[in-house]
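# Commentary on secondary and tertiary structure
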Amino acid sequence: MPSAVANFDVNNSGMNQHARVEVRHSTCPHDCPSACALDIDVIDGRSIGRVRGSKLQTYTAGVVCAKVARYAERIHHPKRLMHPLRRTGPKGSGQFARISWAEALDEIGDRFTEAEREYGAQSVWPYYYAGTMGLVMRDGINRLTHVKKYSRFYSTVCANVARVGFSIGTGRIAGVDPREMALSDLVVIWGTNPVNTQVNVMTHASRARKERGAKIAAVDIYNNDTMKQADIKIILRPGTDGAFACGVMHVLFRENFADRVYMDKYTDCPAELEAHLKTRTPEWASAICGVPVAEIEAFARAVGETRRTFFRLGYGFSRSRNGATQMHAASCIPAVTGAWQYEGGGAFFNNAALWRFDESIIEGHDAIDPTTRLLDQSKIGRILTGDEAAQLGGGPVKAMLIQNTNPVTIAPEQTLVRQGFAREDLFVAVHEQFLTETAEMADIVLPATMFMEHDDLYYGGGHQYISVGPKLIDPPGECRSNHEVLQALARRVGAAHPGFDMTPRELIDATLKLSGHGDIAGLETDIWRDLQPDFRTSHYLDGFAHADRKFHFKADWKHPTFGKLMGDVDNMPSLPDHWAVIEEADAAYPFRLATSPSRSFLNTTFNETPSSQAREGRASVMIHPLDAAALGIADGDAVTLGSVRGETSLIAKLFDGVRRGVLIAESVHPNSDHIGGRGINTLTGADTVAPIGGAAFHDNKVWIKKADAAALS
């Protein structure tokens, strides 16, 4: 592994100590499409110093977000879990006693075996998500599930909705080289706030502005930090992107900005689309999305007049009940203008189609029993509280192993989630880095490694690189990796599979070979390997990825490119439109609430670091000053929000960068940060999102009022 070495003197108790600093390369593992390439100072082989974005990788280009730059604050945090713990008090009390690893693993093994014997193997549900995006440490839990025939896990809280919305048009989840933003004349950032969530998007967009005089347009639901840097600002009501997109395309056809030659060659039904859009006027769109007609028309003209328009579409589309149709509508615009033909033009959402990782050994695909129930991640509250529909008729969950996620804070329908985890007949083991609110509800807590303390394999969702992230330092205390825990549990529950007998490096090597990516030695030599296809492939100049080689304006929602079909698929509009299935505000619930990501937290990761806590402050909700005045709410007041699912109390922040009737609560603060201890996801729902499932975190109707004495007590 290439490295650079520097020496410096540090002062320790008045005496000079000679410390050795080695710069090592790695990849950020967190749930962010940037998957930044990192240069990390390793001090004396034992601790971490500075963390920087590597200039050796052209997408990261030397830039990394502030929270990862301060990673030493997290990895060396004094409150990291160091030893296995057994609960000694009531669930949620945080009362634990230290035990040995053997005691902890034996108890988990015994309880899993007991549940299997008394209620069947499907009463055990291993539950995980994206606390790390490394394939070995994230996905290896599925190997245990498959071998033991435990209840399987269907991922729905993140990107399903946006992914299917993009691929239903293009035929696959891949687009223009994201570095081409720097070659664009207009960068449209839509449904993502990259200043908060994908900082490298702004690196390349800003380069286009500096070097080409390009404009940056931002389309979102509030005047966030990205929009503050944009030249063109479009603020929508939540869940109305499809209407805005249709209004824009109406203008493109009306004013002859549509590239009819391109559409005739590359798209499925341009004449039918044009006829459909005749009634989707800017006036029609404005009444739905709240954007003035003049702004809709000006945006359309900017796009129509700029051949090199790059649409950077984001994960925000996944957070609404109509998100798939909204993503599809937005992605249709560059097909109407023919922007795909030009360098710096076209669209990008995610590069999942490029990775081509065969995870059959990591996940134990040879052991999958398709008759084993596939439980919806987002419906964990309903599943744990006995909802037979959510349980798919398979009976109660009696035992869980949780890795890489914090559902007691981040899952929707928190009232049900907390009720479920409070069950005395539910055994829960949590493998974690900190005593999260989920860990506090556990019977056994196991200390976990962080990414610099184990080997793993990574890909970039927002770019095209793959890489090995090597172990750089030994973990503190008795921390063990996810893989080590799974190996030990497999022995105790009788789960035999070759993957349990391999080291992480052996699993990485085998996966790379199966995937046609060479071996681990070759990838480590490359450091970060660029998988970006050639220009013609990336721009679909030889045809899109559907069988007819066309971009599909007409979406076939009953035959998505991936996923499990569910939800109200029959009523999804095939042509771009506003699908009116969102939780519309009404007399009882007159506001629309979105829970957008913050800059210094990443879901609940970094919630424990002092610098992130200081930047984010108290849990708060943004409200337009005129709405606040009408309700007698002043800036800084304690307020209570209520939905059909429950109530939460937090601090009001007056902000004129939202449409009236819209509330924004940034990030997922711990439940304990909220007045009364009920977090923001008390308000969010777990309704099935068509066509393949999802979680509509930004799609909530609520009321708001000043908090009364009961809420403050």
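Up top is the structure these notes are about.
Below, the structure is looked at part by part. (Residues numbered from 1 in each chain as written. Predicted model: local features only at pLDDT ≥ 70, side-chain atom pairs only at ≥ 80, totals over all residues. Heavy atoms only, no water.)

## A few points about the overall build of the protein
The helix and strand tally for the protein stands at 26 helices and 26 strands. Relative to the compact-globule value of 27 Å for 713 residues, the protein shows a C-alpha radius of gyration of 25 Å, a close match. In terms of overall dimensions, the protein has a C-alpha envelope of 70 × 60 × 60 Å along the principal axes. Split into buried and exposed, the 713 residues of the protein put 64% on the buried side. Partitioning the intrachain contacts of the protein with sequence separation of at least 6 by distance along the chain shows that 74% fall at a separation of at least 24. Accessible surface, the protein: about 24,700 Å² in total, of which carbon and sulfur atoms supply 49%. Computing the positive centroid from 76 side-chain charges and the negative centroid from 84, the protein places the two 2 Å apart. (Helix = DSSP H or I, 4+ residues; strand = E, 2+ residues; numbered from the N terminus. Rg over C-alpha atoms; globule rule 2.2 N^0.38 Å. Buried < 20%, exposed > 50% of the residue type's maximum accessible area, 1.4 Å probe, protein only. Contact = heavy atoms within 4.5 Å. Areas by Shrake-Rupley, 256 points an atom, 1.4 Å probe, with all protein chains shown as cover. Lys, Arg positive; Asp, Glu negative; His and termini not counted. Charge placed at Lys NZ, Arg CZ, Asp CG, Glu CD.)

## Here's the deal with the nonpolar core
By size, the foremost hydrophobic cluster in this structure holds 156 residues, and its most contacted members are Trp-190, Phe-244, Met-400, Phe-421 and Phe-553. Broken down by element, the residue count for this core peaks at eight residues, all from helix 9 (residues 241–254). Within the second largest apolar cluster, 21 residues are counted, among which are Val-42, Val-51, Val-64 and Met-450. (Core = buried A, V, L, I, M, F, W, Y, C linked by side-chain atoms within 4.5 Å.)

## Here we look at the sheet that holds strand 9 (residues 186–190)
One open sheet holds the five strands; their spatial order is 11-10-9-12-13, and the pairing between them is parallel. Two strands close off the open sheet at either side, each with one partner strand: strand 11 (232–235) and strand 13 (346–348). Taken pair by pair, the neighbouring strands of this sheet meet at an average axis angle of 15 degrees, ignoring direction. Examined bridge by bridge, strand 12 (residues 309–313) and strand 13 share three bridges and lie parallel to one another. Each bridged residue has a counterpart across the sheet, and for Arg-312 the counterpart in strand 13 is Phe-348. (Pairing = 2+ DSSP bridges. Axes fitted to C-alpha atoms, helices over the stretch in contact; angles between N-to-C directions.)

## Thoughts on the pairing of strand 17 (residues 444–447)
Looking down a regular strand, the side chains alternate between one sheet face and the other. Residues Ile-444 and Leu-446 point to one face of strand 17 and Val-445 and Pro-447 to the other, with burial holding for every one of them. In terms of strand pairing, strand 5 (residues 85–87) meets strand 17 through two bridges, oriented antiparallel. Of the residues in strand 17, the one forming a bridge with Leu-85 is Val-445. With four bridges connecting them, strand 16 (residues 427–432) and strand 17 associate as parallel partners. Bridge pairing links Ala-429 to Ile-444 in strand 17.

## Let's talk about unusual backbone geometry
The peptide bond linking Ala-690 to Pro-691 adopts the cis configuration, its omega dihedral lying at 5 degrees. With a phi angle near 60 degrees, Asn-256 is a residue other than glycine that sits in the positive phi range. Within the secondary structure, Asn-256 sits in the loop between helix 9 and helix 10 (260–266). Of note, the phi angle at Tyr-540 is positive, near 55 degrees, even though the residue is not glycine. Within the secondary structure layout, Tyr-540 lies in the loop between helix 23 (535–538) and strand 21 (591–594). With relative accessibility at 4%, the residue Tyr-540 sits in the buried group.

## Topic: the packing of aromatic side chains
Per the counting criterion, the structure on display carries 21 aromatic pairs. Ring centres 6.5 Å apart and planes at 40 degrees place the aromatic pair Trp-125 and Phe-153 in the tilted group. One end of the pair, Trp-125, is in strand 7 (residues 124–128); the other, Phe-153, is in strand 8 (residues 152–154), with 28 residues separating them in the sequence. Owing to a relative accessible area of 10%, Phe-153 belongs among the buried residues under this scheme. Among the aromatic residues, those joined into a ring-pair cluster are Trp-340, Tyr-540, Phe-544, Phe-551 and Phe-553. When the ring centre of Trp-284 is taken as reference, the NZ or CZ atom of Arg-280 above it lies at 5.4 Å. When the ring centre of Tyr-119 is taken as reference, the NZ or CZ atom of Lys-398 above it lies at 4.7 Å. (Phe/Tyr/Trp six-rings, centres within 6.5 Å; stacked < 30°, edge-to-face > 60°. Lys NZ or Arg CZ within 6 Å of the ring centre and 35° of its normal.)

## Comments concerning the sheet that holds strand 7
By definition, the strands of a sheet pair up through backbone hydrogen bonds, in either a parallel or an antiparallel sense. Across the sheet, which stays open at both edges, the six strands sit in the order 6-5-17-16-15-7 with mixed pairing between neighbours. The outermost strands of the open sheet, each flanked by one partner alone, are strand 6 (96–98) and strand 7. Strand-to-strand twist of the sheet, defined as the mean angle between neighbouring strand axes without regard to direction, takes the value 20 degrees. Its contacts with the sheet place helix 3 (residues 101–119) against strand 5, strand 7, strand 15 (399–403), strand 16 and strand 17, and it is angled at close to 130 degrees to strand 17.

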